[in-house]
Amino acid sequence: MLSILVAHSYFLRFDQKQWERAKPYPPLATLHVASMLRRAGHEVAVFDAMLAAGVADYQRQLELARPQLVLFYEDSFNYLSKMCLGRMRDASCEMIALARASGARVIAVGSDATDAPQVYLDSGAEVVVLGEGLVTLLALVARLDLTPAVTTPQLVDGQNGVASYNVGKVIAVNGARPLPNPLYSEQPAWDMIDLEKYRAMWRHAHGYFSMNMAASRGCSFRCNWCSKPIWGNQYLQRSPRDVATEMAYLKRVFNPDHIWFADDIFGFRVDWVMDFAATVHATHAGLPFTIQTRADLISDEMAQALRAAGCAEVWIGAESGSQRILDAMNKGTTVEEIIVARERLRSASIRVGFFIQLGYLGENLDDLQATRQLLDTARPDDVGVSVSYPLPGTKFYEQVKQQLGAKTHWQESNDLEMMFHGAYQSDFYRAARDLLHAQIDAEKLNVSPHQARYAAELRSITHRWQVLMSQEALYRTDGDQRAVG
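Everything numeric in this text was worked out from a predicted model, so none of it was measured. (Residues numbered from 1 in each chain as written. Predicted model: local features only at pLDDT ≥ 70, side-chain atom pairs only at ≥ 80, totals over all residues. Heavy atoms only, no water.)

Enquirer: Could you clarify how one ought to interpret the pattern of salt bridges in this entry?
Expert: Side-chain pairs of opposite charge can arise where the charged atoms are in close proximity. In total, this model carries 25 salt bridges according to the counting rule given. The residue D112 makes a salt bridge to R89 at a minimum N-O spacing of 2.7 Å. Pair noted here: D112 is in helix 6 (residues 111–115) and R89 is in helix 5 (residues 86–101), with a separation of 23 residues, a long-range link. The class of D112 is buried, set by a relative accessible area of 7%. Of the charged contacts in the structure, one is a salt bridge between R430 and D427, with a shortest N-O distance of 2.8 Å. Taken together, the residues R430 and D427, both in helix 18 (residues 426–443) and three residues apart, mark about one turn of the helix. We classify R430 as partly exposed; its relative accessible area is 23%. (Salt bridge = Lys/Arg side-chain N within 4 Å of Asp/Glu carboxyl O. Helix = DSSP H or I, 4+ residues; strand = E, 2+ residues; numbered from the N terminus. Buried < 20%, exposed > 50% of the residue type's maximum accessible area, 1.4 Å probe, protein only.)

Written out as C-alpha cells, the structure reads:
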C-alpha cells in the first residue's frame, strides 16, 4: 500500500476578508477523498491548509511524513476554491514544487487545475485529474501501488479525464468522468484534522460552532456566469435518510451548534425536504442549519418543509433587481419570484440572505438602481455583494475573454476588481457594494429603541447614494457594453 499525503491550498490567512470573518469550514471534498483512500488500504495523512500559518507548515509535514504520493485535492464545496484566487494558486504551485523536490509523485485535482492544467503540470504535478475525478483517481493510485516505478505515460495510459505532459506537450484525454451515486455516502475523515481549532475560532468570534455537510453535488441550471468544472450540469442527490443519519452522527460525536449545507442547491424538491424533516425528527438529529437555493424553488410548501427540518437561514442567488439583467444571465428567475420567496421564508421564520452581483455585461445605472430597489422592497436579513467574475468554461467568459488583461484571477475574495470592460471602474462598484451593505445593516436598527438612529442612517445612506449617482460619469469606462436581453 502507498503512503499518501492528501493536501489542499486554501489558506484562510491568505484571504484577509475571510480571516476577519472567522467562519472557517474544513475541506469537505478533501476529507472525502482521504477517507476513500484510507478505506482502500493506503496509509493516509491530511495537510489541512485552512487554519495553517502558511506553506512552511506544509513543508514541515511533508519532510516528516516523506509520502510516496502527494495528492492535491482542492475542496470543490468551497466556492472560493472555484474562484481560483491568485494567492491560493501561488501557494498550490509552491507546494507542488516542494512535493516533487522531495521525491514524491504528485497528482492535482481541483477547479483551477481542471481549467488550467498546464499551470499545475509546470509546477511539478505529474498528472492533473479533470473534474471530481474519483473513479480515475482510484485507478491511478491502484496502478501506482501495483508498480511504483511506472512512468507517466504508462500511468495515464487508457485513463479518461486526465492531463499530463507527453513529448513536451500537455495532453488532455477526454472529459472528466462523472461520479456514480454510490460514492456519495463516504464519511469525511474528520479524525485526520484538528477540529478543535475550528471550534475555538468559531466560539471566540461568534459564540457558537458550525460544521459543514453536503446533501447533493452540482446544479442542473445553466446561469451564464456559473462555472462548473467539477460536476458539470449534473445534480446528484443523497437520500434524505442518509443525510439525516450523517447529521445525527455529527451532533452525537462533535456537538456542533449549527450546520452549513454546502450544496449549490439544497433539497430541490419538497418531497425530499419533507422526508428529510421526518427523519431528522425520528432520529433526534435536529440542528439549526443554513442552505443555498433558488427563489423559484421556494413555494409555500417548501418554506414550511424547510422550517420543519430546522432550517434557520436561506441564501438565495438573487443577483440583480433588474429583470433585463437576470434574463441576460440566463438566470431563469424573476424579480417577483425573489420578492415572493423572501416573504414566504419570512412567514416561516427563516432568515434570508441575498447574493448580489454588480457589473454584469450590459448593466447600466437603471439596472443598478433596480437592485437597490429590490433590497429596499424585499429587505433581506443579510446580503453578499460581488462584481461579475468571468470564470473559464462559462458563456460569460467567452463573451468577455478578449477584454481580459494580465489579471485573470482575484488575489483575495475582497479584491472586487473588474477584469473585463464593464460600464464603470472597480472603485464605483466597491462604493455601491458598501452602500448596499449599509442599507441592509441599517435595517437591523429598525426596532425599538433605535428607530431614530435607523432613520438617520437611512438619510445618510440615501444622501451618499445620491452623491455616488451624481458622480457616476467620473467612473465610467469606455467598456464594450453589448446589448443584453
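Next comes the rest of the write-up.
Enquirer: For this particular structure, what's the right way to read the side chain of R372?
Expert: Within the secondary structure layout, R372 lies in helix 16 (residues 365–378). Despite being buried, R372 has no salt bridge partner; D376 is the closest side chain of opposite charge, sitting 6.6 Å away. (Lys, Arg positive; Asp, Glu negative; His and termini not counted.)

Enquirer: Hey, could you run me through the sheet that holds strand 15 (residues 382–387) in this one?
Expert: Strand-to-strand pairing in sheets goes through backbone hydrogen bonds, with the strands running parallel or antiparallel. Taken together, the six strands give an open sheet; going across it, the order is 8-11-12-13-14-15, and neighbouring strands pair in parallel fashion. Only two strands of the sheet have a single neighbouring strand rather than two, namely strand 8 (210–213) and strand 15. Between one strand axis and the next, the sheet turns by 20° as a mean value, whatever way the strands run. As judged from the five bridges shared by strand 13 (residues 311–319) and strand 14 (residues 351–358), these two strands associate in the parallel manner. Each bridged residue has a counterpart across the sheet, and for W315 the counterpart in strand 14 is G353. Contacting strand 14 and strand 15, helix 18 runs over the sheet at an angle of about 175° to strand 15. (Pairing = 2+ DSSP bridges. Axes fitted to C-alpha atoms, helices over the stretch in contact; angles between N-to-C directions. Contact = heavy atoms within 4.5 Å.)

Enquirer: Can you help me understand helix 11 (residues 240–254) in this one?
Expert: Note that an α-helix has 3.6 residues per turn; residues three or four places apart therefore point the same way. A rise of 1.5 Å per residue sets the reference length of helix 11, with its 15 residues, at 21 Å; its end C-alpha atoms lie 21 Å apart and thus fit the reference within 8%. If you check which residues of helix 11 are buried, you get P240, V243, A244, E246, M247, A248, L250 and F254. Where helix 11 is buried, its residues meet helix 10 (195–206), strand 8, strand 11 (258–261), helix 12 (270–282) and strand 12 (289–293). (Expected span 1.5 Å × (residues − 1).)

Enquirer: Looking at this structure, how should I read empty space enclosed by the protein?
Expert: Space left empty within the atom packing is revealed by a probe, the size of a water molecule, rolled over the atoms. Taken as a whole and judged by the stated rule, the model has three cavities of 30 Å³ or more. Of the volumes computed, that of the largest cavity is approximately 180 Å³. As for the largest cavity, its lining consists of 18 residues, of which S9, E74, S81, D112 and Y120 are closest to the centre. Elements that contribute at least two residues to the lining of the largest cavity include exactly helix 4 (79–83), helix 5, strand 4 (105–109) and helix 6. Here the residues of the lining of the largest cavity sort into 10 nonpolar, five polar and three charged. (1 Å grid on protein atoms, 1.4 Å probe; cavity = no way out; pocket = protein on both sides within 12 Å on 5 of 7 lines; lining within 4 Å. Points joined across faces, edges and corners; volume = space filled by probe spheres on them. Nonpolar A, V, L, I, M, F, W, Y, C, P; charged D, E, K, R; others polar.)

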